[in-house]
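# Report on the structure
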Amino acid sequence: ESEDFFESCTPRLDDTYRFYLNKVTGLDREYNSGALHIRDLLSPLFGTLKESVQFNYCFDIAWMVKQFPPEFRDRPVLIIHGDKREAKARLLQQAQPFPHVRFCQAKLDIAFGTHHTKMMLLWYEEGFRVIILTSNLIRADWYQKTQGMWMSPLFPRLPEGSRPSAGESPTFFKRDLLEYLASYRAPELEEWIQRIKEHDLSETRVYLVASTPGRYVGPDMERWGHLRLRKLLHEHTNPIPGEERWPVIGQFSSIGSMGADKTKWLAGEFQRTLTTLGKSSLHPSPPIHLLYPSVEDVRLSLEGFPAGGSLPYSIQTAQKQLWLHSYFHRWKADRSGRSHAMPHIKTYMRVSPDFTQLAWFLITSANLSKAAWGALEKNNSQVMVRSYELGVLYVPSAFDMKTFPIDETPFPVSSSTSGFPVPFDLPPTSYSPKDQPWIWNISYSQEPDTHGNIWVPS
Ligand SMILES: O=C(O)c1c[nH]c2c(-c3ccccc3)cccc2c1=O
């Protein structure tokens with residue numbers, strides 16, 4: 001069967017969770033075993049590509065075309081982006097030499113919204129595959145950063161005449177993906193919605209957690225963003241004895257305005273979501289650990305200070321919320337050899353007090369921002385989401401487990417473990433009193449970075 005053929009000759013991949021990191025240039029080879037580069041994702045080893053869709057934020061079209069193998073380099077590619085006006089003109093100009101590349105502009109009618117969603121829809125001769133990831137389609141995002149992805153199984157075509165609801169997964173991934181695509185209300189996506197309906201997505205074991213811009217009331221409030229996450233945790237996880245001692249970890253590469261104090265959104269609304277476990281009406285206040293690189297983490301990184309160009313935390317935002325920085329922990333990932341590969345991955349999870357088990361794990365495009373996750377308004381009768389975001393949630397019940405054991409040595413990848421490969425070190429390392437969060441629009445000229453340079457933003 002085609003699935004066996006590809007699985008047998010593809011690089012040995014951990015197919016329990018289908019969670020992978022990007023390859024990082026310059027690491028010992030053991031830390032890249034089981035990691036994937038974009039050229040691996042587009043390789044014939046995963047399927048004979050017919051057409052693809054690339055949802056993303058930042059694009060280098062000429063570079064992207066070169067990542068396809070020569071035999072697929074002229075296959076139609078549909079780009080889903082959020083650019084408008086001059087930025088849109090510049091993007092379309094990039095594709096002028098590539099007639100097989102077409103564009104669809106996602107609607108962004110709410111101010112400050114962005115199209116952050118990163119997803120590949122890959123239509124093959126053999127079937128269909130979905131990849132949900134954190135990397136932009138630019139060289140720098142696939143070079144020396146820590147990035148992650150969920151790669152779906154190969155979804156076979158359904159028999160002719162199957163009902164559209166056929167091919168549904170126990171996690172309703174097919175319905176939810178189709179609803180997300182429908183939320184664009186884009187004619188260019190109609191044929192893709194139809195194609196997905198014709199495929200069998202039943203082997204999918206993750207839940208889709210999406211954001212799409214809008215103001216939602218009533219039952220629609222739980223379709224997107226953090227209230228969607230809260231609903232999934234409410235329905236598909238269970239209370240844990242002593243759960244108030246199970247920390248929440250949030251790890252991200254950018255931070256929005258959180259308000260003048262923690263009660264405004266973080267410790268009120270967002271923490272309520274992240275601490276939801278099943279239908280318990282307890283509202284514990286477990287420890288919350290936020291992982292965001294310090295200035296030293298960036299200065300000593302493989303890229304040096306330029307890594308900070310993708311960690312866009314501004315001084316204007318930071319100075320309004322100094323209270324937030326007391327939650328911060330450094331980026332340390334010796335277990336994956338990636339302590340010096342700055343994070344562009346975004347992950348959220350609930351861990352046991354001894355950091356050996358997970359109650360759930362989320363990989364997503366969503367940073368720590370109300371624009372991404374949504375914020376309640378009008379006396380909690382409405383939620384407002386500004387951006388498109390996309391992620392997948394792992395819950396133990398979808399894997400016939402009570403909790404996920406954590407694999408403390410995820411590299412080199414080994415088929416023996418059933419542990420979840422958390423990419424960074426646990427327990428998290430608090431900032432030292434001298435550590436400051438990386439802020440991208442102020443100067444650092446006291447000590448040079450790994451390349452001997454200083455950082456003086458214009
Ligand atoms: O979706 C993503 O991945 C990203 C989205 N915005 C980024 C920005 C940015 C910050 C303020 C205004 C516009 C853009 C800067 C550097 C990296 C990113 C980025 O990586």
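These figures come from a predicted structure and were not determined experimentally. (Residues numbered from 1 in each chain as written. Predicted model: local features only at pLDDT ≥ 70, side-chain atom pairs only at ≥ 80, totals over all residues. Heavy atoms only, no water.)

Quick look at the overall build of the protein now. Looking only at helices and strands, the protein has eleven helices and 20 strands in total. In terms of overall dimensions, the protein is globule-like: its C-alpha atoms have a radius of gyration of 21 Å, near the 23 Å expected for 458 residues. Along the first, second and third principal axes, the C-alpha atoms of the protein reach 60 × 55 × 50 Å. Scored against the burial criterion, the 458 residues of the protein give a buried share of 58%. Carbon together with sulfur atoms contributes 52% to the accessible area of the protein, which is approximately 18800 Å² in total. Here the protein carries 50 positive and 50 negative side-chain charges, and the mean point of each set is 5 Å from the other. (Helix = DSSP H or I, 4+ residues; strand = E, 2+ residues; numbered from the N terminus. Rg over C-alpha atoms; globule rule 2.2 N^0.38 Å. Buried < 20%, exposed > 50% of the residue type's maximum accessible area, 1.4 Å probe, protein only. Areas by Shrake-Rupley, 256 points an atom, 1.4 Å probe, with all protein chains shown as cover. Lys, Arg positive; Asp, Glu negative; His and termini not counted. Charge placed at Lys NZ, Arg CZ, Asp CG, Glu CD.)

Our next topic: the packing of aromatic side chains. A full pass over the atoms with the stated rule returns 35 aromatic pairs. Between W323 and Y327 the ring centres are 6.5 Å apart and the planes differ by 85 degrees, which places this aromatic pair in the edge-to-face class. With a centroid separation of 5.9 Å and an interplanar angle of 80 degrees, the aromatic rings of F328 and Y431 are classed as edge-to-face. Here F328 is found in strand β13 (residues 328-329), whereas its partner Y431 is found in the segment after β20 (404-405), with 103 residues between them in sequence. Relative accessible area serves as the criterion here: at 1%, F328 is assigned to the buried category. (Phe/Tyr/Trp six-rings, centres within 6.5 Å; stacked < 30°, edge-to-face > 60°.)

Right, let's get into the packing of helix α7 (residues 225-236) against helix α8 (residues 266-274). Where α7 meets α8, the axes come as close as 8 Å, and the angle between the chain directions of the two elements is 35 degrees. Classified by chirality, the crossing of α8 by α7 is left-handed. Residues H226, L229, R230 and L233 of α7 form the contact with α8, whose own contacting residues are E269, F270, R272, T273 and L274. Split by residue class, the contact of α7 with α8 holds four nonpolar, two polar and three charged. (Axes fitted to C-alpha atoms, helices over the stretch in contact; angles between N-to-C directions. Left-handed = near helix turned anticlockwise from the far one by under 90°. Contact = heavy atoms within 4.5 Å. Nonpolar A, V, L, I, M, F, W, Y, C, P; charged D, E, K, R; others polar.)

Here we come to α7. Counted at 1.5 Å a residue, the expected span for α7 with its twelve residues is 16 Å, and the 17 Å between its end C-alpha atoms agrees. What α7 keeps buried is the set G225, H226, L227, R228, L229, R230, L232 and L233. (Expected span 1.5 Å × (residues − 1).)

Time to look at the site of the ligand. The full set of residues close to the ligand is Y57, H116, K118, N136, G309, S310, P312, H344 and W440. Between the ligand and K118, the relevant distance is 2.8 Å, taken from an oxygen atom to a side-chain nitrogen or oxygen of the residue. A distance of 2.7 Å is found between an oxygen atom of the ligand and a side-chain nitrogen or oxygen belonging to H344. Look at the ligand: alone it shows 430 Å² of surface, and the protein chains cover 66% of it. Considered class by class, the residues forming the shell around the ligand number three nonpolar, five polar and one charged. (Near = heavy atom within 4 Å. Polar contact = N/O pair within 3.5 Å; in protein donor to acceptor, adjacent residues only side chain to side chain.)

Together, R39, K66, R73 and R139 make up a region of like positive charge exposed at the surface. Counting through the fold element by element, R139 comes out in the loop between β6 (128-133) and β7 (145-146). (Patch = residues over 30% accessible without salt bridge, like charges linked within 9 Å, V, L, I, M, F, W, Y side chains within 5 Å. Salt bridge = Lys/Arg side-chain N within 4 Å of Asp/Glu carboxyl O.)

This part takes up the sheet that holds strand β10 (residues 214-217). The three strands are arranged β10-β18-β17 in an open sheet whose pairing can be described as antiparallel. This sheet does not close on itself; its edge strands, each paired only once, are β10 and β17 (375-377). Ignoring which end each strand starts from, the neighbouring axes of this sheet average 30 degrees apart. (Pairing = 2+ DSSP bridges.)

Soluble globular proteins: nonpolar side chains tend toward being buried together. Residues L324 and Y394 are the most contacted members of the largest nonpolar core, which totals 111 residues. At six residues, strand β16 (residues 357-364) tops the list of elements feeding residues into this core. (Core = buried A, V, L, I, M, F, W, Y, C linked by side-chain atoms within 4.5 Å.)

A separate point is the side chain of R230. Looking at the element boundaries, R230 is found in helix α7. For R230, the residues in contact, after removing those within four places along its chain, are E269, R272, T273 and T276.

On average, residues of the protein score 95 in pLDDT, and 97% of them reach the 70 mark or higher. For this predicted complex, the interface confidence comes out at an ipTM of 0.99, alongside a pTM of 0.97. (pLDDT = per-residue confidence, 0-100.)

Before going further, it helps to examine the sheet that holds strand β8 (residues 148-151). As a general point, the strands of a sheet are linked pairwise by backbone hydrogen bonds and lie either parallel or antiparallel. Strand order in this open sheet of seven strands is β1-β8-β6-β5-β2-β3-β4, and the pairing throughout is mixed. In this open sheet, the two edge strands, each paired with only one partner strand, are β1 (19-21) and β4 (101-105). Sheet twist, expressed as the average angle between the axes of neighbouring strands with direction ignored, equals 20 degrees. Bridge count for strand β2 (residues 49-55) against strand β3 (residues 77-81) is four bridges, and the pairing is parallel. Across the sheet, residue S52 finds its bridge partner in β3, namely V77. Along the sheet, helix α5 (residues 173-182) contacts β2, β5 (119-124), β6 and β8; its crossing angle with β5, the most-contacted strand, is approximately 110 degrees.

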